[in-house]
Amino acid sequence: MWTANTIMRKFSTSSAYCQNKLKLALIGQSLFGQEVYTSLRKQGHKVVGVFTVPDKDGKADPLAAVAEKDGTPVFKFPRWRVKGEPIPEVVEAYKSVGAELNVMPFCSQFIPMNVIDYPKHGSIIYHPSLLPRHRGASSINWTLIEGDKNAGFSIFWADDGLDTGPILLQRECSVDPNDTVDTLYNRFLFPEGIKAMVEAVQLIADGKAPKIPQTEEGASYEGIQKKSNAKVNLAQSAEAMHNWIRGHDKVPGAWVTIDGKPVTLYTSSMLSVSVPAGQPVEVEGASQPGLITKSGLVLFGSDGKALQVKNLQFEDGKMIPASKYFSSEESASLELTDEEKKMAEEIKAIWKGILSNISSIEETTDFFKSGAASMDVVRLVEEVKQKCGGVQLQNEDVYMASTFQSFIQMFVRRLRGEDQEEELVIDYVTKEVNNMTLKMPYQCFINGSFEDAEDGKTYNTVNPTDGSVICKVSYASVADVDRAVSAAKAAFVNGPWGKMNPRDRGRLLYRLADLMEEHQEELATIEAIDSGAVYTLALKTHVGMSVQTFRYFAGWCDKIQGSTIPINQARPNRNLTFTKKEPLGVCAIVIPWNYPLMMLAWKSAACLAAGNTLVLKPAQVTPLTALKFAELTVKAGIPKGVVNIVPGSGGLVGQRMSDHPDIRKLGFTGSTPIGKQIMKSCAVSNLKKVSLELGGKSPLIIFSDCDMDKAVRMGMSSVYFNKGENCIAAGRLFVEESIHDEFITRVVDEIKRMKIGDPLDRSTDHGPQNHKAHLDKLVEYCEIGVKEGATLVYGGKQVDRPGFFMEPTVFTEVEDHMFIAKEESFGPVMVVSKFRDGDVDDVLRRANDTEFGLASGVFTRDINKAMYVSERLEAGTVFVNTYNKTDVAAPFGGFKQSGFGKDLGEDALHEYLRTKAITVEY
């Protein structure tokens, strides 16, 4: 009975699994075909036959290889037709498998119509363009050549026309400014195409597949490009030339004539910065000579704009960096150490494993002339990286060094650090300040380079000490945000950052922290002139804690772990369930103006340690340390696209970040109203993860049994630290009645001793407010307090001197209903209320009577009272007999309308990670 029930259960499960599944014939080839085949089988469809191309140089096509391994019937026909007529024995072999649907993921052969129409459901084909545009075999190339803003693919029902059959489904993506055929294919057309093929088959199986006739409106057909007609027309705009070059990269290769010889151009990008210095080179047909610069070959369009080409290939097949065009001879051959010789032998074994069709690997063996294809390039790169950890290689390196000897030479130079990228070109603003020469970047930082905003707009950043303009800064547009997100996404999906060992990632973050410490005086000086921070405080806190933060999170990189979970076993089988912590992808960070560098560090260090890439918007009024930080990331060796900085307005740049569909997380520090708007936009756009550190009105309760000296000193620090521009500043002090007057008297005495002045003066205690609009708001805040009946004991006015200075201010007799009792000043304004002696519960009620809950504090010598109060204060942080004591290891964040999510500590890492549960049956 038990056996019968078991068989019945298995039979029932199997029947449900096979419901609405089809018998398929896969006709095609390539890795794409292999992935479609594997995915369809996983979905329960039965592949009854694979029809692909014959082996080449003794190597099976990837689709054939995986199908043969699975035991699926594989047919390798060199052709299906002779002189336009179907070959009968080939057609009969096809019909013998009994397919209900032909799936053609990538097929280079002409398939007869009696095969196309034979199955019950006909045939579907994948085509990498948005039909009817770009019919033909070179559709991806022409998408780029024509400068299309959008690309995509179509899955259509095969008919007797050329890519003219009815549409089943289409998917679309944007084309990035520097996309190539490879990047577009790898980023979207390949992974999303596989998913869509599986979806299309299931729609057919379920009887829900549409057949939408193609319109001829907008239809185009372009043939396969040949080398002979791929010459670049230099009498057109730089963008048109760039599109032509990238549309032909890597096959067949766009070319020009340089110094009388044809030269093929690879890896083009628009030059968005000023043209660097270089050596002229004659390019036939160009209106002006090209330039060989440190970064490549610069060509000029008819519109006066320029593009840059990274690599050149000569007629003999030799490829070089364009920057090395004038090098007269090859670099001397390297003498290998014993350890390097061992690595070379390991690499030779890898080459031999890939090029199995040749008898031996010689120094002159050419990888591609020996039969290797693009997938073999990927395999070579990944196997070498696996065997020889720590050396970062890219597919392009193989094309640049295609013989075994040149590949080993390139590898050893990379291993020794002798093959580094050219130095970053930065157009600095320089100023002699604080006994040093400040060198400050001022442009957007996107994909590893500093460049102007796309529309060329700039704005002034102002020194609050005297109101003078420091410099003009690029004012990023929506298009700049899109480019930055695209760079961050490419760096995460395809770049070395996403594939890097966590320990190597930590090593780079440690190096970045070291560089920040090395440049701490420069960073602190920039903070002082751009935000008004007192230099000594900037050195210790703004910069010092930023360095500590990066070191702390660098140490976390290789300690991010999942867990194993015991679950009920699916007897008689067994199960293993475990979790993985994974990065989210592209993250956006929007930081405030009070601690420009420190807020950057608090969020970005955790974000990067978790393995994400980021696009960061500094506050519009304090962009300069963020841009200097960007420069240091390059020096630290952090790959291109991992960190991107886009200065500009919150309404434009910040809003686009909230709306962008490719951003998976947004971390924000700022006001509560803006936080609410961000949360709404993030939900409506793509339900991106959000963490918010928002406004506060932090209560500080001072009991009569406190250490009065400490309470006065810390109470002042709780309000006046960093000029009161401090998110956890004590927005309201509750002082027990019996000590109230003494406390106020001592505070005012201390204020009178404070030195207000130039933040670069080492004896200054109190610098200028961050910007003019904020100063005006503080003066208005104090005027409202006076009008409502609070007692202005000290200050309340702007200091009579140039710059944006506010007097340290004290209000007493503040009642609970008053504006200044409820609203945050975010400035040097102490708001004091009395509470009755011994009435602990009432002062707790008053302290918690706010919609904010960022921080709080209590001063008392009674440990029982301290614990009682701290447990009942509704705030994310409670300070007892201290204030402003934050540490990189302690989580920081608020309750209620002060936001949610944490910065710092282990908790911050989880804001930038997702948990995946995996269950394995064995």
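Residues numbered from 1 in each chain as written. Predicted model: local features only at pLDDT ≥ 70, side-chain atom pairs only at ≥ 80, totals over all residues. Heavy atoms only, no water.

What about the UniProt feature "active site" (unreviewed entry) in the protein?
What counts is decided by this rule: UniProt positions are given in the numbering used here, feature names are shortened, and annotations may be inferred rather than shown by experiment. Starting at the N terminus, helices and strands are each numbered in turn, a helix being any DSSP run of H or I of at least four residues and a strand any DSSP run of E of at least two. Partly exposed describes any residue whose relative accessible area lies between the buried limit of under 20% and the exposed limit of over 50%, with all areas from a 1.4 Å probe on protein chains only and scaled to the type maximum. For this analysis, residues touch if any pair of their heavy atoms sits within 4.5 Å.
According to UniProt, the positions carrying the feature "active site" (unreviewed entry) are His127, Glu693 and Cys727. These annotated residues cover 601 residues of sequence, and their C-alpha atoms reach 54.3 Å apart at the extreme, placing them across more than a single site. Structurally, Glu693 is set in strand 29 (residues 689-693). A residue is classified by how much of its surface remains accessible, and Glu693, at 3% relative accessible area, is buried. When sequence neighbours within four positions are dropped, the list of residues in contact with Glu693 reads Met599, Phe668, Thr669, Gly670, Cys727, Leu854, Phe892 and Ser898. Within the secondary structure, Cys727 sits in the loop between helix 22 (708-720) and strand 31 (730-736). The residues contacting Cys727, other than those within four sequence positions of it, are Asn594, Glu693, Glu824, Phe826, Leu854 and Phe892.

Some points on the confidence of the model for the protein
Where we set the bar: The pLDDT value tells you how sure the predictor is about a given residue, anywhere from 0 up to 100.
In the predicted model, the protein carries a mean pLDDT of 91, and the fraction of residues at 70 or more is 96%. Note that residues 1-18 has pLDDT below 50 and, in this model, 4 contacts with residues that lie over four places away or in other chains.

Brief notes about a nonpolar patch on the surface
So the rule is basically this: Each patch groups residues whose relative accessible area exceeds 30% and which form no salt bridge, using 9 Å between like charges and 5 Å between nonpolar side chains of Val, Leu, Ile, Met, Phe, Trp and Tyr. Only the protein chains shown count as cover for residues, with accessible areas throughout obtained via the Shrake-Rupley method and a probe of 1.4 Å. Each reported salt bridge corresponds to a side-chain nitrogen of Lys or Arg within 4 Å of a carboxyl oxygen of Asp or Glu.
On the surface, Leu576, Val920 and Tyr922 cluster together into a nonpolar patch covering about 280 Å² of accessible area. Mapped onto the secondary structure, Leu576 falls in strand 24 (residues 575-583).

With respect to the pairing of strand 6 (residues 101-104)
Where we set the bar: Only when DSSP finds a minimum of two bridges between them are two strands counted as paired.
Residues Leu101 and Val103 of strand 6 are buried on one face, and the alternating residues Asn102 and Met104, pointing to the opposite face, are buried as well. Relative to strand 6, strand 1 (residues 23-27) runs parallel, the two sharing 3 bridges. Across the sheet, Leu24 pairs through a bridge with Leu101, a residue of strand 6. Looking at chain direction, strand 6 and strand 7 (residues 123-127) are connected through 3 bridges and run parallel.

Brief notes about helix 2 (residues 30-42)
Cut-off, in case you're wondering: Working rule for helices: expected span equals 1.5 Å times residues minus one. In protein, a polar contact means a hydrogen-donor-capable atom and an acceptor-capable atom, both N or O and within 3.5 Å, with residues adjacent in sequence counting only if both atoms are side-chain atoms; elsewhere, any N or O pair within 3.5 Å suffices.
With 13 residues, helix 2 extends 19 Å from end C-alpha to end C-alpha; this agrees with the ideal 18 Å at 1.5 Å per step. Looking at helix 2, one finds that the buried residues are Ser30, Phe32, Gly33, Gln34, Val36, Tyr37 and Leu40. Residues of helix 2 that are buried make contact with strand 1, strand 2 (46-52), helix 3 (62-70), strand 6, strand 7 and helix 7 (181-205). The opening residue of helix 2, the one whose side-chain oxygen lies 3.2 Å from the backbone nitrogen of Phe32, is Ser30. Looking one or two places after helix 2, you find Gly44, whose phi comes out positive at around 95°.

Overview of the sheet that holds strand 9 (residues 167-174)
Two modes of strand pairing occur in sheets, parallel and antiparallel, and in both the strands are linked by backbone hydrogen bonds. Where we set the bar: For helices, the fitted line uses only the C-alpha atoms of the stretch in contact; every axis is such a line through C-alpha atoms, and the angle between N-to-C directions lies from 0 to 180 degrees.
Strand order in this open sheet of 7 strands is 3-2-1-6-7-8-9, and the pairing throughout is mixed. Strand pairing shows two members of the sheet lacking a second neighbour, strand 3 (74-76) and strand 9, which therefore form its edges. Across this sheet, the average inter-strand angle for adjacent strands is 15°, counted without regard to direction. Against the sheet, helix 2 engages strand 1, strand 2, strand 6 and strand 7, with an angle of about 170° to strand 1. Its contacts with the sheet put helix 7 on strand 1, strand 6, strand 7, strand 8 (150-157) and strand 9, and the angle it makes with strand 9 is roughly 155°.

Things to note about the packing of helix 15 (residues 502-518) against helix 19 (residues 624-636)
When two helices pack together, their arrangement is given by the angle between the helix axes and the distance between those axes. Rules: Oblique is the label for every angle not falling under 35 degrees (roughly parallel), over 145 degrees (roughly antiparallel), or within 65 to 115 degrees (roughly perpendicular). Crossing handedness: left-handed means the near helix sits turned counterclockwise from the far one by under a right angle, and right-handed means the same turn made clockwise. Gly counts as polar in this scheme, as do all residues outside two lists: the nonpolar Ala, Val, Leu, Ile, Met, Phe, Trp, Tyr, Cys and Pro, and the charged Asp, Glu, Lys and Arg.
Where helix 15 meets helix 19, the axes come as close as 9 Å, and the angle between the chain directions of the two elements is 130°. In terms of orientation, helix 15 lies oblique with respect to helix 19. For the pair helix 15 and helix 19, the sense of crossing is right-handed. On helix 19, the residues touching Leu508, Arg511, Leu512, Leu515 and Met516 of helix 15 are Phe629, Leu632, Thr633, Lys635 and Ala636. Broken down by class, the residue content of the contact of helix 15 with helix 19 amounts to 7 nonpolar, 1 polar and 2 charged.

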